[in-house]
Amino acid sequence: MTEDSLQGLVLGSISSSEDLNDASSLENIDHNFTNVESSEEDSDPEEIVKQDLLIHKWCQKQLGDLLSKLSLEPEAVPFLVPVDWERLGLYDYPEVVQDPIDLHTISKRLDASFYHDADDLIDPDLIFRDIEQCWENCLMYFEHDLDVEVVQMAMKMSSVAKRMEERFWADLSAFEESLEKRPLATQVALAATRMGVAAKKVAKKGRKTAVFANDMVKFAADWWQGKRKESPFWKDEKDSLIGLMWPPRFKRAIAVVRETVRRVPLSLLSSEKAVQSFLKPLAESILRTVSSLSMPSGVQVIHDTIGDIKGEWILPDSYEPHSHAEKVLVWAHGGGFVLCSPATHRFFLARIVVHTGVPTFCVDFRKPPRHPFPVPKNDILEVYKSIQKQGFADAVFLGGDSAGGNLVLSVAKELAESESDSVETPLPEGLILLSPWVDLSDTTGDSWHQYADVDYIPSKQAEVIAGIYAQGVPLRDARVSPGRCRTWPVGFPRTLLDYGGCEVFRTQIERLADNMMHHGVELDATVEDGMVHCYPQLEYLWGPDPDGPFEAYFERVSTFMAMKYF
């Protein structure tokens, strides 16, 4: 599958006649958002877009391009619009030509799904039949009289169209073959196509919404293909640990995420309607699919509700749900408190389960803007207490990445500081933190400036999301920014802390680590040089290069959980 194919698929999913670079037109985007219909929201969360849809989108775009090319041919002029037989004096035309057709009508039919089959997938044979009918109508009316100029034009167009049709079928065959040969690229393209379809559905009732969606997807596709000028940062050979050590695919993928997220309007993040009906469905559709690309064998996924809080277990195949285990890991997923779900973290957590053999429950905590602080934290706490109360395991670990790391750190500190609860609810056996976002007030620290062109989290968008979660609580308050805690209680759980050397949260994470160690917390901290935020979750973007840092991370987690302190 070529990169051009991927861009074409994504861009073909969304259309707009507006200027794609007019970011200023998006400032008042809020009122354009409407709730997605329940039939779209309530779709099966396990459904993955079939390859038929990918082929359908490819055909749709290629046929649209083919019609445009035909229309630009000099001999196509008589066939662009319906024949004005009265003006031309061809009074018997309606009697001779029973099925009049023209390129403009075909194009309109293509847009209106006229050429779809019973499965609502495009049938190229139908459109090629109509294209051929354009010239055949002319030849039939003038009885193939070569002395008539328009007959010569029709024969020329027939020849051109047949060559284009042959090329189309050859390209389609090659495209279908590539889907089998490159399963990873296929799945990524499927995810991109799904994102485009979701964006188109959401954008139907808002012009500016369509502009935004198209702008974002085009920008991302250009970056993926290397059409956007990369930051000079990557060409600085003095800093060989950053970027230059990355495989090209990983480097480009991070650039796509970074430069695309930067373009998300702040007003979009501030709108509950926009978040609920647009950002969440898009993020969920793409990330869920990507997370399911290469699920390892030997694990099973079970949906469950614990303490009235939904989530999903990722279990070794040998385990039955709710059966007693020596250890259990409760995980709070990242996503800026607002986005993502257990499904988006499935691949990453499955890798932990494969390495550790420990059943893991990922909490689908309630999210802002509808459920701001302290609801997400309380949901994590409720699941943890319920698992302890029901005796699922001898030892329970808490873990979280990014915003989820903030939540589990707050939960563990609350448990450690609460003497009354400590009797009824044992402290976690250990805490696993991956790139935790622990200081919501920090968007200007040294690492924010140093790694702004490397990591993929933009400061302005982070500031807005922090405010959405805190909902009036000062961002410097330790309740929402546990990294600002001045003291740590005696007996705080031992903690494994991993983070990237080039992530924007590095300054606040290292400030947290210093403070915890100063107060006697047993901390095992590792910084992975040259890596970005939550890098172990990006393993699928790295490619076949064996020198990635991912295996070492999962081994550290396995070693940490295998240790037991009495």
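Scroll up for the structure.
Scope of this entry: the structure provided in the associated data block. (Residues numbered from 1 in each chain as written. Predicted model: local features only at pLDDT ≥ 70, side-chain atom pairs only at ≥ 80, totals over all residues. Heavy atoms only, no water.)

Regarding the pairing of strand 6 (residues 430-434)
And step 1. Of all five residues that make up strand 6, five are buried, and the element is covered over most of its length.
And step 2. Across the two faces of strand 6 the burial is the same, with Gly-430, Ile-432 and Leu-434 and Leu-431 and Leu-433 all buried.
And step 3. With five bridges connecting them, strand 5 (residues 393-401) and strand 6 associate as parallel partners. Each residue of the ladder has a partner; that of Leu-398, found in strand 6, is Leu-431.
And step 4. In this structure, strand 6 lies alongside strand 7 (residues 495-500), joined through four bridges in parallel fashion. Residue pairing in the sheet places Leu-431 in a bridge with Thr-495 of strand 7. (Buried < 20%, exposed > 50% of the residue type's maximum accessible area, 1.4 Å probe, protein only. Helix = DSSP H or I, 4+ residues; strand = E, 2+ residues; numbered from the N terminus. Pairing = 2+ DSSP bridges.)

Observations regarding the packing of helix 3 (residues 51-72) against helix 7 (residues 124-141)
And step 1. Relative to each other, helix 3 and helix 7 sit at 10 degrees, their axes nearing to 11 Å. Overall, the two elements helix 3 and helix 7 adopt an arrangement that is roughly parallel. Taking contact as the criterion, the partners of Cys-59, Leu-63, Leu-66, Leu-67 and Leu-70 in helix 3 are, on helix 7, Pro-124, Ile-127, Phe-128 and Ile-131.
And step 2. Of the residues that constitute the contact of helix 3 with helix 7, the class distribution is nine nonpolar, no polar and no charged. (Axes fitted to C-alpha atoms, helices over the stretch in contact; angles between N-to-C directions. Parallel < 35°, antiparallel > 145°, perpendicular 65-115°, else oblique. Contact = heavy atoms within 4.5 Å. Nonpolar A, V, L, I, M, F, W, Y, C, P; charged D, E, K, R; others polar.)

Observations regarding helix 22 (residues 550-562)
And step 1. Between its first and last C-alpha, helix 22 extends 19 Å over 13 residues, near the 18 Å set by a 1.5 Å rise per residue.
And step 2. Listing the buried residues of helix 22 in full gives Phe-550, Tyr-553, Phe-554, Arg-556, Val-557, Phe-560 and Met-561. Buried residues along helix 22 cover an arc of 150 degrees about the axis, so they all sit on one side. (Expected span 1.5 Å × (residues − 1). Arc of directions from axis to C-beta.)

Comments concerning the pairing of strand 3 (residues 325-332)
And step 1. Counting buried residues along strand 3, seven of its eight residues qualify, which places the element largely inside the surrounding structure.
And step 2. Of the strand pairs in this sheet, strand 3 and strand 5 are connected by seven bridges, and their pairing is parallel. The partner of Lys-327 across the bridge, within strand 5, is Ala-395.
And step 3. The pairing of strand 3 with strand 4 (residues 360-363) spans four bridges and is classified as parallel. Following the sheet pairing, Leu-329 is matched in strand 4 by Thr-360.
And step 4. Taken together, strand 3, helix 14 (residues 346-356) and strand 4 form a β-α-β motif whose crossover is right-handed. (Right-handed = clockwise from strand over helix to strand, strands pointing away.)

Examining the packing of aromatic side chains
And step 1. Counting across every chain of the model gives 27 aromatic pairs.
And step 2. The ring of Phe-114 has Arg-109 sitting right over it, with the charged end atom 4.4 Å from the ring centre.
And step 3. Between Arg-494 and the ring centre of Phe-560, over which it is positioned, the NZ or CZ distance is 4.5 Å. (Phe/Tyr/Trp six-rings, centres within 6.5 Å; stacked < 30°, edge-to-face > 60°. Lys NZ or Arg CZ within 6 Å of the ring centre and 35° of its normal.)

A few points about the environment of Gly-307
And step 1. Looking at the element boundaries, Gly-307 is found in the loop between strand 1 (299-306) and strand 2 (309-316).
And step 2. Note on Gly-307: relative accessible area 24%, which makes it partly exposed.
And step 3. Spatially, the C-alpha atom of Gly-307 lies 6.2 Å from that of Glu-382, the residues being 75 residues apart in sequence.
And step 4. What Gly-307 contacts, discounting residues up to four positions off in sequence, is Glu-382 and Ser-386.

Some remarks on the pattern of salt bridges
And step 1. One pass over the full model with this rule turns up 18 salt bridges.
And step 2. Note that Glu-510 and Arg-506 form a salt bridge whose closest N and O atoms lie 2.8 Å from each other. With Glu-510 and Arg-506 both in helix 20 (residues 506-518), this residue pair falls four residues apart, about one helical turn.
And step 3. Given the relative accessible area of 25%, Glu-510 is considered partly exposed.
And step 4. On the basis of relative accessible area, Arg-506 is assigned to the partly exposed category, the value being 21%.
And step 5. Salt bridges here are not isolated pairs; linked through shared partners, they connect Arg-351, Glu-539 and Glu-551. (Salt bridge = Lys/Arg side-chain N within 4 Å of Asp/Glu carboxyl O.)

Comments concerning a negative patch on the surface
And step 1. A surface patch of like charges, here negative, comprises Asp-52, Asp-117, Asp-119 and Asp-120.
And step 2. Of note, Asp-119 is situated in the loop between helix 6 (103-111) and helix 7.
And step 3. Judged by relative accessible area, which is 61%, Asp-119 ranks as exposed. (Patch = residues over 30% accessible without salt bridge, like charges linked within 9 Å, V, L, I, M, F, W, Y side chains within 5 Å. Areas by Shrake-Rupley, 256 points an atom, 1.4 Å probe, with all protein chains shown as cover. Lys, Arg positive; Asp, Glu negative; His and termini not counted. Charge placed at Lys NZ, Arg CZ, Asp CG, Glu CD.)

A look at unusual backbone geometry
And step 1. Cis geometry marks the peptide bond from Pro-368 to Pro-369, where omega comes out at 0 degrees.
And step 2. Examined against the element boundaries, Pro-369 turns out to sit in the loop between strand 4 and helix 15 (375-390).
And step 3. Here the bond from Phe-373 into Pro-374 is cis, since omega is 5 degrees, no more than 30 degrees from zero.
And step 4. Checked against the element boundaries, Pro-374 lands in the loop between strand 4 and helix 15.
And step 5. Its identity is not glycine, yet Phe-337 carries a phi of approximately 70 degrees, on the positive side.
And step 6. Mapped onto the elements, Phe-337 comes out in the loop between strand 3 and helix 14.
And step 7. For Phe-337, a relative accessible area of 1% gives the class buried.
And step 8. Here Ser-435, not a glycine, exhibits a phi torsion of approximately 45 degrees, which is positive.
And step 9. Note on placement: Ser-435 falls in the loop between strand 6 and helix 18 (446-450).

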